[in-house]
Amino acid sequence: MKVLVVGGGGREHAIIKKLKESNEIEKIYALPGNGGMAGDAECVAIGAKDIPAIVDFAKANDIGFAVVAPDDPLVLGAVDELEKIGIPCFGPEKKAAIIEGSKVFSKNLMKKYGIPTAAYEVFDSAEKALAYLEAAPVPTVIKADGLALGKGVIIAMTRDEAKAAVKTIMEDKAFGESGNQIVIEEFLEGPEVSVLSFTDGKTVVPMISSMDHKRALDNDKGLNTGGMGTVAPNPYYIPEIADRCMKEIFLPTVNAMNAEGRTFKGCLYFGLMITKDGPKVIEYNCRFGDPETQVVLPLLESDLFSIMKSVAAGTLTAEQVKFSKKHACCVVMASEGYPQKYETGFEITMPADKNIYVAGAKLSGGKLLTAGGRVLGVTETADTLADAVSKAYETVKTVSFANAYYRHDIGKKALEV
Ligand code: AMP
Ligand code: GLY
């Protein structure tokens, strides 16, 4: 069968490498993919948000199954359009992708169905938000309603910072229409855990837990990024917490989406905080996380393609999803200066026989050149977390490009638990 994967980052590379293990797949196309994954899939220069072109390509190329990985095309309805022409998909339809596409929707869903999350208020005008902030407790968290390239969340330590955030989002329109409404919510404290799950709308099967490292610099300093590294499993996600999450969060969320007529099929991502009052939802994503996928999928022992087909067909069972008992660590290598200004176009050299997931690179004259902020992620697995971390850093030494930057402490916090 020919399979199409929409997207072009490290997450998509990890999905493609795992799908390649399936005997049933004869060819994988990545739309648009990137030069660093050209050995694993045929990259086609069609943007992930260009839904009419994706549909035309699928029709013309006898595609039997599609995986839509990034948030934008899911929220724009790529799955709905592909299903209309008879192509089964892994990923939620537009009406379910709203769980990530609108924070106002997801917060109201959690309130209506009693799913634990931070207390919040919704505002549709800067004036009302600013008036509310006069007496609101700080720190507080300001969130743009819609997608904002992962930048729509501002943690304000003081009232002045909170007011400035409201102005940035609602008056200066820093995130465009995404900031027409905002959520102002209670600041929660505790360790964070990412749990990706497979769900067909009836059964929800959590994958192995993971821990992201979002800040740019060592010891969680510097700006928020798309993620500088991950480890799995997450040591804070002990069995007692996992049980509570299943009962209090995962099943209630899937049931709530069904009750709203928005059945969710695909990968539902739970961004959780383990507070002193128990686990609470920080955010939902309607897709695999990046770079969580780069540690989760290498530990998946089952066939990813057969799981994805079962999710699409509504026949998922827990027995289909088996994870290894090993640990994984992914160190992201970025261009120095990311997430702000950085230079690209430097030649990348790296070993061919390692789990290296390429995110920001292009092929030019037979050479692989850097082409983005996060360039690639190096993943290693081992029987212990300590070994996975040290193996990953050993492999990092065998990768080079001119302005490479990476954190030196991925996994450090997890090892101290
Ligand atoms: P996001 O951009 O949605 O991934 O959120 C970025 C980060 O903001 C999260 O990973 C949390 O660390 C933090 N965050 C979001 N909401 C809250 C909250 N209510 N309390 C404390 N931290 C938060
Ligand atoms: N790593 C967090 C995300 O994918 O949103």
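See the structure printed just above.
Residues numbered from 1 in each chain as written. Chains lettered and ligands numbered in written order. Predicted model: local features only at pLDDT ≥ 70, side-chain atom pairs only at ≥ 80, totals over all residues. Heavy atoms only, no water.

A few words on the site of ligand 1. Around ligand 1, the surrounding shell holds 15 residues, and the nearest of these are E185, E186, L188, E192 and K214. Between E192 and ligand 1, the recorded distance is 2.4 Å, taken from a side-chain N or O atom to an oxygen atom. A distance of 3.0 Å separates an oxygen atom of ligand 1 from a polar atom in the side chain of E283. Contact with the protein chains covers 89% of the free accessible surface of ligand 1, which is 490 Å². Those elements that place two or more of their residues in the shell around ligand 1 are β7 (140-144), β8 (153-156), β9 (182-186) and β17 (278-285). For the shell around ligand 1, a count of residues per class yields eight nonpolar, one polar and six charged. (Near = heavy atom within 4 Å. Polar contact = N/O pair within 3.5 Å; in protein donor to acceptor, adjacent residues only side chain to side chain. Areas by Shrake-Rupley, 256 points an atom, 1.4 Å probe, with all protein chains shown as cover. Helix = DSSP H or I, 4+ residues; strand = E, 2+ residues; numbered from the N terminus. Nonpolar A, V, L, I, M, F, W, Y, C, P; charged D, E, K, R; others polar.)

Geometry of a packed helix pair, given as the angle between the helix axes and the separation of the axes. Orientation of helix α7 (residues 126-133) relative to helix α8 (residues 159-171), taken along the N-to-C sense of each, is 170°, at an axis distance of 10 Å. Of the possible angle classes, the one that applies to α7 and α8 is roughly antiparallel. Where α7 abuts α8, its residues A126, A129, L130 and L133 lie against R159, A162, K163, V166, K167, M170 and E171. Grouping the amino acids of the contact of α7 with α8 by side-chain chemistry returns seven nonpolar, no polar and four charged. (Axes fitted to C-alpha atoms, helices over the stretch in contact; angles between N-to-C directions. Parallel < 35°, antiparallel > 145°, perpendicular 65-115°, else oblique. Contact = heavy atoms within 4.5 Å.)

Our next topic: the packing of aromatic side chains. Two measures describe an aromatic ring pair: the distance that separates the ring centres and the angle between the ring planes. For the structure shown, the criterion picks out 10 aromatic pairs. Measuring from ring centre to ring centre gives 6.2 Å for F90 and F198, while their planes differ by 70°; the resulting arrangement is edge-to-face. Of this pair, F90 sits in strand β5 (residues 89-90) while F198 sits in strand β10 (residues 192-199), and the two are 108 residues apart along the sequence. Among the aromatic residues, ring-to-ring pairing joins F90, F198 and F288 into one connected group. (Phe/Tyr/Trp six-rings, centres within 6.5 Å; stacked < 30°, edge-to-face > 60°.)

For the rest of this paragraph, the subject is the pattern of salt bridges. In this structure the tally under the stated criterion is 24 salt bridges. Between D71 and R287 there is a salt bridge whose closest N-O contact spans 4.0 Å. Of the two residues, D71 is situated in helix α3 (residues 71-76) and R287 in the loop between β17 and α10 (293-296); the sequence distance between them amounts to 216 residues. Take D71: its relative accessible area is 18%, and that puts it in the buried class. Measuring nitrogen to oxygen at the nearest pair gives 3.3 Å for the salt bridge that ties D124 to K128. Among the ionic contacts, a cluster of salt bridges with common partners joins D220, R407, D409 and K413. (Salt bridge = Lys/Arg side-chain N within 4 Å of Asp/Glu carboxyl O. Buried < 20%, exposed > 50% of the residue type's maximum accessible area, 1.4 Å probe, protein only.)

Moving on, we get to unusual backbone geometry. In this structure, P32 follows L31 across a cis peptide bond, with omega equal to 0°. Here P32 shows up in strand β2 (residues 27-32). Between V138 and P139 the backbone carries a cis peptide bond, its omega angle lying at -5°. You can see P139 is positioned in the loop between α7 and β7. Despite not being glycine, D62 has its phi angle at roughly 60°, a positive value. Looking at where D62 falls in the secondary structure, it is placed in the loop between α2 (51-60) and β4 (65-68).

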